[in-house]
Amino acid sequence: MGTDEATTWGRVDETGTVYVRYGDGERAVGEYPDASAEEALAYYSRKYADLEGQVRITEQRAQRGASASDIGRTVEHLTTTLAEANVVGDIKSLEDRVGVLAEQVGALGREQSAKAEEALAEALAFRRALVEEAEGLAAVDPARAQWKQVTAQLDDVFARWQAHQHDGPRIPKNEANDLWKRFRTARSTVDQHRRAFYADLDAQHRDARTRKQELVDRAEALAPQGSDGITAYRQLLDDWKQAGRAGKRYDDALWAKFKAAGDTLFAHKHEEVAQENEEYTANLAAKEALLTEAEPLLQQQDRVAARRTLTDLQRRWDEVGKVPRDSVRRIEDRMRAVESHVRGLEDDHWKQSDPERKARQSGLASQLEDAIGKLESELADATASGDARKIKDAQEALDARRIWLDALGS
């Protein structure tokens, strides 16, 4: 405030007393001895400027939406201060500005109260949602729960609870306690179910570990049997598949031992097969030579000669002995084809020479010939009468019997 403005709102009398003009009058605000009037007015003007600064800051805080209760307390303080202010300046304008602030405090308080209620309702809804989410996890069937996932989800829910408790609005104590009790109960239920599940799983793993160790011992005991122990080992393998899980660390170690025992047996088997293949290679060459003799029989139609040749080949075939395993099916199939052909020649001969069959064929042929003769007569009568339907029926029946007769004679 400049010197002229200070002079407008205050004066100093001859005794050094300082007065401030207020309304239509004035009042003493203090003394400033041993100083000029200008210095005295400047001192009390600075005090006014400080007071005006407090009012201005309060106005700015109200505009920014500061707490209505804080603004209200400041307004009360400023009102009291202005009533007794020992300053030089336009005190009435400051009182008017503080009066406006007092009116704003009411509106600001109602607005903030509504927002606080809305925020409280949202906070309660958020907390209830967290409680319900935790209770949902607690209701999961313990036998089917994916416990790593459930635990991670519950930890996430709890982290959100803590963050909201720290950063969110304060919830009334009774409601906050009720929600926390529900949340704590849900966490406790999940924890109990998880501990029970893993305790049961540990028991299952111990049982499976015991069973699998027994299977390992039995598999290793088969080693002296060599390849003869493979059948028993395969049965043990079926038992292994039914033994259940023993826990990854134990499963891997036990399986390595069990597999090693099987590998030992199969290694013996491979050695035997290799040795057999070496021994049977010459037999394979001999049987292939016999097949070279046998396969021309596929063109043979003389059953007696074919059987005689085949019988000799079969005797020599059996005398040769075994061949390598990977060749068994190939050469056996070739010999089976020759044997099937010779057997077919014999079957055809039997069918043609069987007396009972011939008798049946002769009797049936006679019946068909009689039927054909009768149908030929009926066809002639139908033709003479010109009855198209009878002609058609007689001709179809006659054709059918002729086909049967031809088939019987073939």
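Read on for an overview of the structure. (Residues numbered from 1 in each chain as written. Predicted model: local features only at pLDDT ≥ 70, side-chain atom pairs only at ≥ 80, totals over all residues. Heavy atoms only, no water.)

Here three strands make up an open sheet; going across it, the order is β1-β2-β3 and the pairing antiparallel. At either end of the open sheet lies a strand with only one pairing partner, and these are β1 (10-12) and β3 (25-31). Mean inter-strand twist for the sheet, computed between neighbouring axes without regard to direction, equals 25 degrees. As paired strands, strand β2 (residues 17-22) and β3 are joined by six bridges and run antiparallel to one another. Within β3, the position partnered with Y22 by the bridge is G25. Against the sheet, helix α2 (residues 37-63) makes contact with β1, β2 and β3, and its axis sits at roughly 140 degrees relative to β1, the strand it touches most. (Pairing = 2+ DSSP bridges. Helix = DSSP H or I, 4+ residues; strand = E, 2+ residues; numbered from the N terminus. Axes fitted to C-alpha atoms, helices over the stretch in contact; angles between N-to-C directions. Contact = heavy atoms within 4.5 Å.)

According to the stated counting rule, one finds 13 aromatic pairs in the structure shown. Judged by centre distance (5.8 Å) and plane angle (25 degrees), the rings of W180 and F183 are stacked. In this pair, W180 and F183 both sit in helix α6 (residues 173-220), three residues apart, roughly one turn of the helix. W180 gets classed as partly exposed once you look at its relative accessible area, which sits at 27%. Judged by relative accessible area, F183 falls into the buried class, the value being 0%. Grouped by ring-pair contacts, the aromatic residues Y233, W240, W255, F258 and F266 constitute a single cluster. Lying over the aromatic face of Y22, R27 brings its terminal NZ or CZ to 5.7 Å of the ring centre. Over the ring of W161 we find R127; its NZ or CZ atom is 4.9 Å from the centre of that ring. (Phe/Tyr/Trp six-rings, centres within 6.5 Å; stacked < 30°, edge-to-face > 60°. Buried < 20%, exposed > 50% of the residue type's maximum accessible area, 1.4 Å probe, protein only. Lys NZ or Arg CZ within 6 Å of the ring centre and 35° of its normal.)

So, about the nonpolar core. Side chains of nonpolar character tend, in soluble globular proteins, to be buried together. Counting 25 residues, the largest nonpolar core has V18 and I71 as the members making the most contacts within it. Of all the secondary structure elements, the ones that give two or more residues to this core are β2, α2, α3 (68-83) and α4 (91-138). Ranked by the residues each element gives to this core, the list is headed by α2, at seven residues. Setting aside residues up to four positions removed in sequence, V18 forms contacts with R11, V12, R27, A28, V29, G30, A40, L41, Y44 and V88. Counting residues in hydrophobic clusters, the runner-up holds 20 residues, among them V157, I171, F183 and A186. (Core = buried A, V, L, I, M, F, W, Y, C linked by side-chain atoms within 4.5 Å.)

Let us look at the pattern of salt bridges. This structure, assessed with the given rule, holds 26 salt bridges. The partner of E133 in a salt bridge is R160, and the shortest N-O contact between them spans 3.0 Å. Of this pair, E133 sits in helix α4 while R160 sits in helix α5 (residues 147-167), placing them 27 residues apart in sequence. Assessed through its relative accessible area of 34%, E133 is described here as partly exposed. Put simply, R195 and D191 hold a salt bridge, and the shortest N to O gap is 1.9 Å. Taken as a pair, R195 and D191 lie in helix α6 at a separation of four residues, close to a single helical turn. Exposure remark for R195: the relative accessible area of 49% places this residue in the partly exposed category. According to the relative accessible area criterion, D191 is partly exposed, its value standing at 26%. Salt bridges sharing common partners tie together E293, D312, R315, R316 and E319. (Salt bridge = Lys/Arg side-chain N within 4 Å of Asp/Glu carboxyl O.)

This paragraph deals with the packing of α2 against α3. Contact geometry for α2 and α3: axes closest at 11 Å, N-to-C directions at 160 degrees. As summarised for this structure, α2 and α3 are arranged roughly antiparallel, according to the angle between their axes. Where α2 crosses over α3, the handedness of that crossing is left-handed. Contacts between α2 and α3 involve L51, Q54, V55, T58, R61 and A62 from the former and D70, I71, T74, H77, L78, T81 and L82 from the latter. Looking at the contact of α2 with α3, its residues break down into six nonpolar, five polar and two charged. (Parallel < 35°, antiparallel > 145°, perpendicular 65-115°, else oblique. Left-handed = near helix turned anticlockwise from the far one by under 90°. Nonpolar A, V, L, I, M, F, W, Y, C, P; charged D, E, K, R; others polar.)

Another aspect to go through is the side chain of T17. Mapped onto the secondary structure, T17 falls in strand β2. Owing to a relative accessible area of 12%, T17 belongs among the buried residues under this scheme. In terms of polar contacts, T17 uses its side chain to reach the side chain of T15, at 3.1 Å. (Polar contact = N/O pair within 3.5 Å; in protein donor to acceptor, adjacent residues only side chain to side chain.)

Before going further, it helps to spend a moment on helix α7 (residues 230-242). Over its 13 residues, α7 extends 19 Å from the first C-alpha to the last, a length consistent with the 18 Å expected when each residue adds 1.5 Å. Turning to α7, its buried residues number three or more, namely I230, Y233, L236 and W240. Along the axis of α7, the buried residues cluster in a sector spanning 110 degrees; they form a single face. Exposed side chains of α7 directed beyond 90 degrees from the buried face belong to T231, K241 and Q242. Where α7 is buried, its residues contact α6 and α8 (248-294). One or two steps after α7, the chain reaches G244, where phi turns positive at roughly 90 degrees. (Expected span 1.5 Å × (residues − 1). Arc of directions from axis to C-beta.)

Scope: geometric values only; no functional claims are made or implied.
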